[in-house]
Amino acid sequence: MKKLLFITLALLCHKIIAQEFQMGKYNQKLEIELEKQQKLIVTSNVTPLIMHASHISFDSLKTQFETMKKLLPEKISPLNSATYLLNYDLKSKKPLISVIQHKSKGNTYLLDQEDDLSAVRTGQDSVIFSFRYNELPKEIFFIQKYKSKLPDEWLTLSYCFVLNTTDNLAEVDSDFLVNQIKNKIDKISSKVNDAGLYGNPEMKIESRADQHLEWDYKTQDFLALTGRASGGWIREKFVPEIGLNAELILKGKFGIGVGVNQFFHFQNPQSENFKVRSSTFINLSFSPRKFVKDDNSGMTFSKVTSEFMGSFSVGYMIRDNSGFFPKNTWRVSGTFPVMKHLYVEPEIFFNDAFKRIYPGIRIKIM
């Protein structure tokens, strides 16, 4: 007669079908691979909390979970997986536990060499420790203007263990977990300054179990200061130019800038009366941007950056000692990338009565 055996997922050698677990919405996620195809997932919605994630005592959490599990009246079938959620209010420090049993949609059996039929457990258990903060950790720098904008439910830091069975939780090395979390945080901190981390609470950070880190630290508003040099032709004459532009990048999606451009004119270059004159323009610019993922050669890090796609600018001449342009001259130009740091810029100069129009084109480095 065939025997019906309960085999846990950890003992299977064929491909397992893991229970799908919805972590809900999050902006930051750190994933740590454990033995036996298990993992820990740490999530938060504000960067100060994820950067605080290594300040945790996993040993005390494991002990508390085991104590509460023994007191639960609900019994889980050995063939069904379950999600155990422990919600902590850091003010009371008392967890509230809830249990969701995931019943198998069908029975799966394994036939061994002795013709014994074994029932197979095909799902994994989840144990989630979720900490609800009344306020952000005081020792962490945080720009106050963002604090009032954060929904209360965002002040939550969660640790989700995806396990073959909850019995495996006791086998997890707590020191290993803390070190893994700390290493991931240190790698991010080494690449992103404090203003970038804590000034952008919704920063996207994701670390997979293979240690590959991804983050987006340029989606916050920030000010970019850019210098430029170019050479171009106006009215069949070569006119070099230098400029400085200050641009406010809004959420990494577009930039609004103000800049100063100075054009140089060479008068009588082949005589003793050689002189260098200049024309100075002040201009306003608008630049759309796009998000791109930039992997470095080591494939340990990748970051999402806000990349310049081009710009449109309008300028007005505020000073001229060359006589090259008439009074009240305006300048309209567009800048388009050719390759890294190299751009082409078609431009048009005209006066306020449109009596004279000068087209030009220049190659710009910035």
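As the structure is a prediction and not an experimental result, all values here were calculated from the model.

**Describing unusual backbone geometry**
Across residues other than glycine, the phi torsion is negative in most instances, and most of the peptide bonds are trans.
Then, in step 1: Positive phi values are uncommon outside glycine, yet Asn 328 reaches one of about 55°.
Then, in step 2: Tracing the chain through its elements places Asn 328 in the loop between strand S17 (311–320) and strand S18 (329–339).
Then, in step 3: In this model, His 341 sits at a positive phi of 70°, which is unusual for a non-glycine residue.
Then, in step 4: Counting through the fold element by element, His 341 comes out in the loop between S18 and strand S19 (342–351).

**Some words on the environment of Lys 253**
Then, in step 1: With respect to the helices, strands and loops of the structure, Lys 253 is situated in the loop between strand S13 (237–250) and strand S14 (254–267).
Then, in step 2: In the structure, Lys 253 is positioned 32 residues away from Asp 221 in sequence and 9.5 Å away in space, judged by C-alpha atoms.

**Topic: helix H4 (residues 174–191)**
Then, in step 1: With 18 residues, H4 extends 27 Å between its outermost C-alpha atoms, agreeing within 8% with the 26 Å of an ideal straight helix rising 1.5 Å per residue.
Then, in step 2: Taken as a whole, H4 has its buried residues at Ser 174, Leu 177, Gln 180, Ile 181, Lys 184, Ile 185 and Ile 188. Here the buried residues of H4 occupy an arc of 140° about the axis, which is enough to place them on one side. The outward face of H4, more than 90 degrees from its buried face, is lined by the exposed residues Asp 175 and Ser 190.
Then, in step 3: You can read the cap of H4 off the contacts: a side-chain oxygen lies 3.0 Å from the backbone nitrogen of Asp 175, and it is on Asp 173.

**Regarding the pattern of salt bridges**
Then, in step 1: Scanning all chains against the criterion turns up 13 salt bridges.
Then, in step 2: For Asp 167, the salt bridge is made with Lys 69, and the minimal N-O distance between the two is 3.9 Å. Here Asp 167, found in the loop between strand S9 (156–163) and H4, pairs with Lys 69, found in helix H2 (residues 58–71); they are 98 residues apart in sequence, far enough to count as distant.
Then, in step 3: Residue Lys 69 is classed as partly exposed on the basis of its relative accessible area, which comes to 24%.
Then, in step 4: Between Asp 186 and Lys 182 there is a salt bridge, with its nearest N and O atoms 3.1 Å apart. Placement of the pair is Asp 186 and Lys 182 together in helix H4, with a separation of four residues, close to one helical turn.
Then, in step 5: Each of the salt bridges in this network shares a partner with another, and the network as a whole consists of Arg 228, Glu 241, Arg 331, Glu 345, Glu 347, Arg 362 and Lys 364.

Basis of the calculations
- Residues numbered from 1 in each chain as written.
- Predicted model: local features only at pLDDT ≥ 70, side-chain atom pairs only at ≥ 80, totals over all residues.
- Heavy atoms only, no water.
- Helix = DSSP H or I, 4+ residues; strand = E, 2+ residues; numbered from the N terminus.
- Expected span 1.5 Å × (residues − 1).
- Buried < 20%, exposed > 50% of the residue type's maximum accessible area, 1.4 Å probe, protein only.
- Arc of directions from axis to C-beta.
- Polar contact = N/O pair within 3.5 Å; in protein donor to acceptor, adjacent residues only side chain to side chain.
- Salt bridge = Lys/Arg side-chain N within 4 Å of Asp/Glu carboxyl O.

Function cannot be inferred from these measures alone, as they are strictly geometric.
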